[in-house]
Amino acid sequence: MSPRTKEQNQEIREQTRKQIIDASFELFANEGYSKTSIAAVARNAKVSKGLIYHYFSSKQDILEAIFDQLVDMGDQMTRFPEDFTPAQKIEQVIEQTFAFFEHQSGVGKLMLSLAMQKDAFETLKPKLDLIQREQMKMFSAVMEELGYEQPMLQAYELGALMDGFLLGRVSLGDDYPLEELKQKILKQYVSH
């Protein structure tokens, strides 16, 4: 058997890191951030505690890695082609957000769970505040282009609606009328 290449070693490192993040994600969402120990993460990831510390300096470091992945997902939703109209931008965000709600309910559960866990939320608050300011600025500009009299207020309203839809989906699962709500909100914002 020949030794592994640099690429193979890098792939193994990336897979192990992902395995730790996924195991942590599951535990943080289901058991709570503060109740989850590194030992529990190690058991769930089927790795040693020492290996976790090779990749992450602390439980907080793992949480921030999860958060960074969520931010990347959000950034993808707001990458628009240059020629998109304001209505097309809102439509893309709504479509992708509802697809996220449908297929990533575990992520939604974690997000809601973290919001309710003061110790976890406080450590992410500076990053969350920055992201929220940037998103509200972008959505306010889109709402202004759509002709709303109070674009910032309209952007907050859309955000609150999306938060409510996430809560409903996490609470009711497949019984939540996700598709019908998506069509309603598309009609409201895209056909404005």
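What comes next concerns the included structure. Per chain, the residues get numbers from 1 upward, laid out in the order the sequence is written. Where local features are concerned, this predicted model is filtered to residues with pLDDT of at least 70; where side-chain atom pairs are given and counted, the filter is 80 or more; whole-chain, interface and lining totals use all residues. The basis for the side-chain values is all heavy atoms of the structure; hydrogens and waters are excluded.

1. Quick look at the nonpolar core
Just so we agree on the cut-off: Only buried residues count toward a nonpolar core. Its members are Ala, Val, Leu, Ile, Met, Phe, Trp, Tyr and Cys residues joined through side-chain atoms within 4.5 Å. Each residue is placed in one exposure class: buried if its accessible area under a 1.4 Å probe, protein chains only, is under 20% of its type's maximum, exposed if it is over 50%, and partly exposed if it falls in between. Should any heavy atoms of two residues lie within 4.5 Å, those residues are counted as being in contact.
Within the largest apolar cluster, 51 residues are counted, with the highest numbers of intra-cluster contacts made by I20, I90 and F98. Ignoring any residue separated from it by four or fewer positions in sequence, one finds F98 in contact with M162, F165, L178, L181, K182 and I185.

2. Description of helix α9 (residues 178-190)
Quick reminder of the rule: Each helix is a run of DSSP H or I of at least 4 residues and each strand a run of E of at least 2, with the numbering of both proceeding from the N terminus. By definition here, a helix of n residues has an expected span of 1.5 Å times n minus one. Arc definition: directions from the helix axis to the C-beta atoms.
When the terminal C-alpha atoms of α9 are compared, their 17 Å separation across 13 residues agrees well with the 18 Å that a helix rising 1.5 Å per residue should span. Buried within α9 we find L178, L181, K182, I185, L186 and Y189. One face of α9 carries all of its buried residues, which in axial projection span an arc of 135 degrees. Every exposed residue of α9 that faces more than 90 degrees away from the buried side is listed here: E180, K184 and K187.

3. A look at the pattern of salt bridges
The following threshold applies: A side-chain nitrogen of Lys or Arg and a carboxyl oxygen of Asp or Glu constitute a salt bridge if their distance falls within 4 Å.
Across all of its chains, the model carries 7 salt bridges by this definition. Between K127 and D68 there is a salt bridge whose closest N-O contact spans 3.2 Å. With K127 in helix α7 (residues 118-145) and D68 in helix α4 (residues 59-77), the pair connects residues that are 59 residues apart, well separated along the chain. On the accessibility criterion, K127 (30% relative accessible area) is partly exposed. With a relative accessible area of 35%, D68 lands in the partly exposed category. Connected via shared salt-bridge partners are E64, D68 and K127.

These figures come from the coordinates and say nothing about function on their own.
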